[in-house]
Amino acid sequence: MVLLCIVKNCVNSKMKLKQRNCPLHKFPNDISRCNQWLTNSKLFDLRGKSKNYRICGRHFNANSYSNPKKKKLLPTAIPTEFDFTEPDIEQPLVDSVEVSIEDDTSLVEPRYSNTPSKSDVLESSTSTQSAQLLSVNTPRKSLLKTKVNELEKKCRMLEGNVNLMSNKFLQVMTSKDHFYEVCDIHLPPNPSMIVKSYCRIASRHPQGFRYTNQLKQLALTIYFYGLMAYRFLKNILQLPSPRTLRIITEKLD
């Protein structure tokens, strides 16, 4: 990207007349100093928009620099050198040359045109905006935007997969089958049987529940040890009623 001086009628504001070794300086970040630069250079319409523009070193005096090479400005430097008249063109255009045919030695002085060409006028009007226009929608920015969009799509897909796996894991962890497996792993046989039986009874009507043979055997053992103890543990462990145990024993007899 080629940067040019933003000052009107400066030779460094045109590509054809730009000096190679003339430095270009950014506008200061300080608002008051930046406004003073714009006021001195008569660029009132660039207030708040001077970030992408430059002023060349032709508009600063020698005391404005902090080094002899005139590359770095002092913090208090202000442009004061301006010439708002039309610049002299180094290679003038010859409009016409009148030559006398009768006398070969008498030549009329050529008339030179001081009016800049149409292409120079167009270039001067568009040079102030070229720096900003060239930096929009470059191939590199387009490629980066495409990559960012692809990464955003992948992130959304991964978030959806994580949510789906979380729901499945929650369903497995809260299922009864998983709970029964945990009871068999971490509890002894009889407590595991009682806990699983209690879970089954909690989800069914007591009259319609069928006790397992292991639970019936445990209930009969407690019943034979004492009727009072059995009545005490019956509601706690959800054991069959004594009448049910009598029916079981009659069938065994």
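For the structure, check the block above.
Residues numbered from 1 in each chain as written. Predicted model: local features only at pLDDT ≥ 70, side-chain atom pairs only at ≥ 80, totals over all residues. Heavy atoms only, no water.

Some thoughts on the environment of Asn21
- In this fold, Asn21 is placed in the segment before strand E1 (24-26).
- Owing to a relative accessible area of 70%, Asn21 belongs among the exposed residues under this scheme.
- Sequence spacing of Asn21 and Gly57 is 36 residues, and the spatial spacing of their C-alpha atoms is 9.6 Å. (Helix = DSSP H or I, 4+ residues; strand = E, 2+ residues; numbered from the N terminus. Buried < 20%, exposed > 50% of the residue type's maximum accessible area, 1.4 Å probe, protein only.)

Some words on the side chain of Ser41
- Looking at where Ser41 falls in the secondary structure, it is placed in the loop between helix H1 (31-40) and strand E2 (54-56).
- A distance of 2.8 Å separates a polar side-chain atom of Ser41 from the backbone oxygen of Trp37.
- Excluding anything up to four places from it in sequence, Ser41 contacts Val7, Ile55, Phe82 and Phe84. (Polar contact = N/O pair within 3.5 Å; in protein donor to acceptor, adjacent residues only side chain to side chain. Contact = heavy atoms within 4.5 Å.)

A few points about the environment of Pro23
- Tracing the backbone through its elements, the reader meets Pro23 in the segment before E1.
- What Pro23 contacts, discounting residues up to four positions off in sequence, is Ile55, Cys56, Gly57, Tyr65 and Lys70.

Considering the pattern of salt bridges
- Applying the stated rule across the entire model yields one salt bridge.
- The salt bridge partner of Asp184 is Lys196, with a shortest N-O separation of 2.8 Å. Linking Asp184 in helix H4 (residues 176-186) with Lys196 in helix H5 (residues 189-202), this pair joins segments that are twelve residues apart in sequence. (Salt bridge = Lys/Arg side-chain N within 4 Å of Asp/Glu carboxyl O.)

Regarding the nonpolar core
- Residues Ile6, Phe27, Ile55 and Phe60 are the most contacted members of the largest nonpolar core, which totals 18 residues.
- Counting residues per element, the ones that place at least two in this core are H1 and E2.
- Top contributing element to this core by residue count: H1, with three residues.
- If we ignore the near neighbours within four places in the chain, the residues touching Phe60 are His25, Trp37, Ile55, Tyr65, Leu73, Ala77, Ile78, Pro79 and Glu81.
- In terms of nonpolar packing, the next biggest core, distinct from the first, is built from eleven residues, Ile194, Leu215, Ile222 and Ile248 among them. (Core = buried A, V, L, I, M, F, W, Y, C linked by side-chain atoms within 4.5 Å.)

Quick look at the packing of helix H6 (residues 213-225) against helix H8 (residues 242-252)
- One way to put it is that H6 packs onto H8 with a least axis distance of 11 Å and a crossing angle of 105 degrees. Classified by the interaxial angle, the pair formed by H6 and H8 is roughly perpendicular. Seen from H6, the contacting residues are Lys216, Ala219, Leu220, Tyr223 and Phe224; seen from H8, they are Pro242, Leu245, Arg246, Ile248 and Thr249.
- For the contact of H6 with H8, the class distribution of residues is seven nonpolar, one polar and two charged. (Axes fitted to C-alpha atoms, helices over the stretch in contact; angles between N-to-C directions. Parallel < 35°, antiparallel > 145°, perpendicular 65-115°, else oblique. Nonpolar A, V, L, I, M, F, W, Y, C, P; charged D, E, K, R; others polar.)

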